[in-house]
Amino acid sequence: MATSIKKLPDIEQVLSGNGACGGCPATMGLRMVGKALGPNAIMLLTPSCSVASMGMTPKLGYNWPCINITFASAGSSASGIANAVEIMKEKGRFQGELPTVFTWVGDGGTYDIGFQALSAAAERNDNFIFFCYNNEAYSNTGVQRSGATPRGTFTTTTPTGKRQPKKNMALLMLEHHIPYVATATVAYPGDLYDKVLKAKSIPGMKYIEILAPCYLGWQFDMHDTVQMSRMAVRSGAWLLWEAENGKISFSNPSASIISGKKAAESVDDYVMKQGRFNRLLKGPDAAQRIAEIQGDINREIAFMRERAKIVY
Ligand SMILES: Cc1ncc(C[n+]2csc(CCOP(=O)(O)OP(=O)(O)O)c2C)c(N)n1
Ligand code: SF4
Ligand SMILES: [Mg+2]
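Position numbers for residues start from 1 in each chain and track the written sequence from start to end. The lettering of chains begins at A and the numbering of ligands begins at 1, in the order of writing. In keeping with the model being predicted, local features are shown solely for residues with a pLDDT of at least 70 and side-chain atom pairs are shown and tallied solely at 80 or more, while totals for entire chains, interfaces and linings include all residues. Note: side-chain values were computed over all heavy atoms of the structure, leaving out hydrogens and water.

Examining the packing of helix α1 (residues 25–37) against helix α7 (residues 189–201)
When two helices pack together, their arrangement is given by the angle between their axes and by how far apart the axes lie. It is at 8 Å that the axes of α1 and α7 come closest, and there the two elements cross at 45°. Relative to α7, α1 is oriented oblique. Judged by the sense of rotation from one axis to the other, the crossing of α1 with α7 is right-handed. Along the contact surface, α1 presents Gly-29, Met-32, Val-33, Lys-35, Ala-36 and Leu-37, while α7 presents Pro-189, Leu-192, Tyr-193, Val-196, Leu-197 and Lys-200. A class-by-class count of the residues in the contact of α1 with α7 yields 9 nonpolar, 1 polar and 2 charged. Angles shown run from 0 to 180 degrees and are taken between the N-to-C directions of axes, each axis being a line fitted to C-alpha atoms and, for helices, limited to the stretch in contact. Strands here are runs of E lasting at least two residues and helices are runs of H or I lasting at least four, both read from the DSSP assignment and numbered beginning at the N terminus. Relative orientations are named as follows: roughly parallel for angles under 35 degrees, roughly antiparallel for angles over 145 degrees, roughly perpendicular for angles from 65 to 115 degrees, and oblique for any other angle. For a crossing to be left-handed, the near helix must be turned anticlockwise from the far one by less than a right angle; the clockwise case is right-handed. It only takes one pair of heavy atoms within 4.5 Å for two residues to be counted as in contact. Only Asp, Glu, Lys and Arg are considered charged in this grouping, and only Ala, Val, Leu, Ile, Met, Phe, Trp, Tyr, Cys and Pro are considered nonpolar; every other residue, Gly among them, is considered polar.

Quick look at the structure:
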């Protein structure tokens, strides 16, 4: 069972007064990550909402040493820092416990622009945690489509709805044979906390992706962030899973959906609550568009159910 929200440590690494929107899911997710990582960590960020939100030294909104790097280089920069601290320790220039090196990167910086460096770092099994907070678009620059944007979504670069399904990025990372991969989302903070705590204790490359429903891009009321996150999981549009040394397991409610104990909720309510979908669902092809979105979800559930049976 996941750690109860009431049992999470009081420590706050995300400080009040930062520049994020109210109800920002990236900031909520980072707050949980901070509770698990604690202060002894080094953070690397690519251009994104989380960089725009963090402010400038000496008034940083995040209570870690933070390094802003180029969009394409999260994987290689984190590899460099992780190796540097280990070498400093070996040479006696660093005392005490090694800091956890982690990246905090959006879906644009993960699925698209930073994929090459991320893939290379994973193949080398370098020792850091790569966090992708996935708000399913390039939000900071006004909501353009990314490889994480689901089919049927309105963005400024898909004004008639994205025609392609999203990638299964976490699964792609698993196929790099790294020791730990997990998905999470802000409506299940204990699940996220436990996964980060576990990742922190595992040497080598870890990949954790957090679904981050963004009111601006998804077009819902900002106080509904957690509800959207919960609806994504209950409809099966986002599956909660982890893989330790290649073995996949699901956490609830996804575990019940995968085992067939509980049916996923219909995607209609989830879709109709979001302007990014429902503004395109007024025409005569609405039923077909919803069926396409539901079809993508059903296919992913069926695929992950079978994929979880394979361990290698
Ligand atoms: C090479 C490069 N291309 C484009 C940009 C402009 N840019 C800054 S933030 C951003 C969006 C980032 O999207 P994502 O990684 O998903 O993070 P989010 O904004 O959604 O938090 C873009 C395109 C840039 N800084 N560098
Ligand atoms: S646009 Fe979305 S992800 Fe960006 S700061 Fe606002 S709520 Fe957060
Ligand atoms: Mg994004």
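Concerning the coordination of the magnesium ion (ligand 3)
Donor criterion used throughout: N, O or S atom within 2.8 Å of the metal, extended to 3.2 Å for Na, K and Ca. Water excluded; incomplete-looking sites may result. Each protein donor to the magnesium ion (ligand 3) is listed here as Asp-107 (OD), Asn-135 (OD1) and Ala-137 (O); together their distances run 2.0 to 2.1 Å. On the primary sequence, the residues serving as donors to the magnesium ion (ligand 3) are separated as D-x27-N-x1-A. Taken together, the positions of Asp-107 in helix α4 (residues 107–112) and Ala-137 in the loop between β4 (129–134) and α6 (169–174) put the pair 30 residues apart, joining distant regions of the chain. For the exposure calls, accessible area comes from a 1.4 Å probe over protein chains only, and a residue counts as buried if that area is under 20% of its type's maximum, exposed if over 50%, partly exposed in between. Residue Ala-137 is classed as buried on the basis of its relative accessible area of 7%.

Notes on the site of ligand 1
When at least one non-hydrogen atom of a residue lies within 4 Å of a molecule or strand, that residue is treated as near it. In the neighbourhood of ligand 1, 15 residues make up the surrounding shell, with Gly-108, Tyr-133, Ala-137, Ser-139 and Asn-140 lying closest. Polar contact criterion, stated in full: a pair of N or O atoms within 3.5 Å, where within protein one must be able to donate a hydrogen and the other to accept it, and residues adjacent in sequence count only if both atoms are side-chain atoms. Here an oxygen atom of ligand 1 and a backbone polar atom of Cys-49 are 3.0 Å apart. In this structure, an oxygen atom belonging to ligand 1 sits 2.9 Å away from a main-chain N or O atom of Ser-139. Calculation on ligand 1 without its partners gives an accessible area of 580 Å², and the protein chains cover 71% of this total. Of the residues forming the shell around ligand 1, the biggest block, 3 residues, is contributed by α4. Of the residues assigned to the shell around ligand 1, the class counts are 6 nonpolar, 8 polar and 1 charged. Here the accessible surface of atoms and residues is derived via Shrake-Rupley with a 1.4 Å probe, and residues count as covered only by protein chains that are part of the display.

Points about helix α5 (residues 115–124)
Every buried residue of α5 is accounted for by Ala-117, Leu-118, Ala-121 and Ala-122. Each buried residue of α5 sits inside an arc of 135° when the element is viewed along its axis, so together they form one side. Relative to its buried face, α5 has exposed residues pointing more than 90 degrees away, namely Gln-116 and Glu-123. In this structure, the buried residues of α5 make contact with α3 (74–90), α4, β4, α6 and β6 (206–211). Just past α5, the residue Asn-125 takes up positive phi, approximately 55°. Working definition: the arc comes from the directions between the helix axis and the C-beta atoms, pointing outward to the latter.

Structural notes on the pattern of salt bridges
The salt bridge criterion pairs a side-chain nitrogen of Lys or Arg with a carboxyl oxygen of Asp or Glu, the two atoms within 4 Å. Tallying each qualifying case throughout the model produces 14 salt bridges. Between Arg-31 and Glu-12 there is a salt bridge, and its shortest N-O distance comes to 2.7 Å. Of the two residues, Arg-31 is situated in helix α1 and Glu-12 in the segment before α1; the sequence distance between them amounts to 19 residues. In this structure, the salt-bridge partner of Arg-124 is Asp-126, at a minimum N-O distance of 2.8 Å.

A word on empty space enclosed by the protein
Cavity and pocket criteria rest on a 1 Å grid covering protein atoms alone: a 1.4 Å probe that fits but cannot get out defines a cavity, protein on both sides within 12 Å along at least 5 of 7 lines defines an open pocket, and an atom within 4 Å of a point defines a lining residue. Grid points are joined across faces, edges and corners, and a volume is the space filled by probe spheres set on the points. Under the defined criterion, the tally for this structure stands at 1 cavity of 30 Å³ or more. Approximately 430 Å³ is the volume attributed to the largest cavity. Around the largest cavity, the lining comprises 27 residues; the ones closest to its centre are Lys-166, Gly-236, Ala-237, Trp-238 and Glu-300. Elements with a minimum of two residues in the lining of the largest cavity: α6, β6, α12 (275–278) and α13 (286–307). Examining the composition of the lining of the largest cavity, we find that 6 residues originate from one element, α13, more than from any other. A per-class count over the lining of the largest cavity returns 15 nonpolar, 3 polar and 9 charged.

Describing the pairing of strand β8 (residues 247–250)
In β8, alternate side chains face the same way, and those of Ile-248 and Phe-250 are buried while those of Lys-247 and Ser-249 on the opposite face are not. By this definition, two strands are paired if DSSP reports at least two bridges between them. Looking at chain direction, strand β7 (residues 241–244) and β8 are connected through 4 bridges and run antiparallel. Bridged to Glu-242 within β8 is Ser-249. Two successive antiparallel strands, β7 and β8, enclose a turn made up of 2 residues, where Asn-245 displays a positive phi of approximately 45°.

Topic: the side chain of Asp-191
Tracing the backbone shows Asp-191 in helix α7. On the basis of relative accessibility, which here comes to 10%, the residue Asp-191 falls in the buried class. Side-chain polar atoms of Asp-191 contact the side chain of Ser-251, separated by 3.0 Å. Residues within four places of Asp-191 in sequence aside, it is in contact with Ala-2, Thr-183, Ala-184, Leu-240 and Ser-251.

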